[in-house]
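Structural features, examined
Below are the chains, spelled out letter by letter.
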Amino acid sequence: MQVKPQIEVKPQIREWWNTAEHDYDAIEAHGVHSEEERELWTEVITQLLGTDQKLKVLDMGTGTGFLALLLAELGYDVTGADWARSKLEKAKEKAREKLEAGNSVNFVVEDAENLSFEAGQFDAVVSRHLIWTLANPGSAFKEWARVTKPGGKVLTDIPVKHSHHGNHHFGEEIGRELPFYNGADPDEVINMFEAAGLVNVSVRVFNKTTLVEGNKV
């Protein structure tokens, strides 16, 4: 059972991510820094989502747009959502520089645990490097399932256990309130996906990246 945080941590987390001075893209894990890594994520996307370029995809926790831009380059109809306006401004700047005419991303401000979209808006909801930051990941998964069309898919990567030290980004006090702050066991995420109403939930491993995927009925 997911335990409700003892302190309200979301405002502090939002403020941290929204600090414009943070050079998010300078951190190696936050983007694509080699052709090999780009090919890996292209393989992940096409294997898990298929090649139907009419798919509407929500990239939740898009940050500065790494995954959203890659999805758009592959031809998907992409919405990139994040609650940090400063990161979204950077994502828009990158989109203007990198995307060819005809490819675009709709970047919007959203709370991963309380989305404003109507139900059944997207063929797929994807996230990368997000769930370790969530105060209520189970609530987030229910929201992602809600906005996914029947027959659609939800997928997220899983942070490796013991991957964050005590002061990573937010500090120990906030970190203690985040269920996946220091990584997650795949079974924990599977159970939350199933509690959100997703079916056929499974784990896929690509190189060193572990993902959980589930289908909306």
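Scoring rules and cut-offs
- Residues numbered from 1 in each chain as written.
- Predicted model: local features only at pLDDT ≥ 70, side-chain atom pairs only at ≥ 80, totals over all residues.
- Heavy atoms only, no water.
- Helix = DSSP H or I, 4+ residues; strand = E, 2+ residues; numbered from the N terminus.
- Contact = heavy atoms within 4.5 Å.
- Salt bridge = Lys/Arg side-chain N within 4 Å of Asp/Glu carboxyl O.
- Buried < 20%, exposed > 50% of the residue type's maximum accessible area, 1.4 Å probe, protein only.
- pLDDT = per-residue confidence, 0-100.

All right, on to the side chain of Thr209 then. You can see Thr209 is positioned in strand E7 (residues 209–215). Beyond its immediate stretch of four places on either side in the chain, Thr209 contacts Trp41, Asp157 and Arg204.

A few words now on the pattern of salt bridges. This structure, assessed with the given rule, holds seven salt bridges. Across the pair Arg146 and Glu143 runs a salt bridge, and its minimum N-O distance is 2.8 Å. Of this pair, Arg146 and Glu143 both sit in helix H5 (residues 137–146), separated by three residues, roughly a single helical turn. The exposure class of Arg146 is partly exposed, given its relative accessible area of 27%. We note a salt bridge from Glu213 to Arg204, for which the minimum N-O separation is 3.0 Å. One network of salt bridges, with partners in common, ties together Lys153, Arg204 and Glu213.

We now examine the confidence of the model for the protein. Confidence in the prediction for the protein averages 86 pLDDT; 83% of positions are at 70 or higher. Across the protein, the secondary-structure element scoring lowest on mean pLDDT is helix H6 (residues 172–175), at 69, and the one scoring highest is strand E1 (residues 56–60), at 98.

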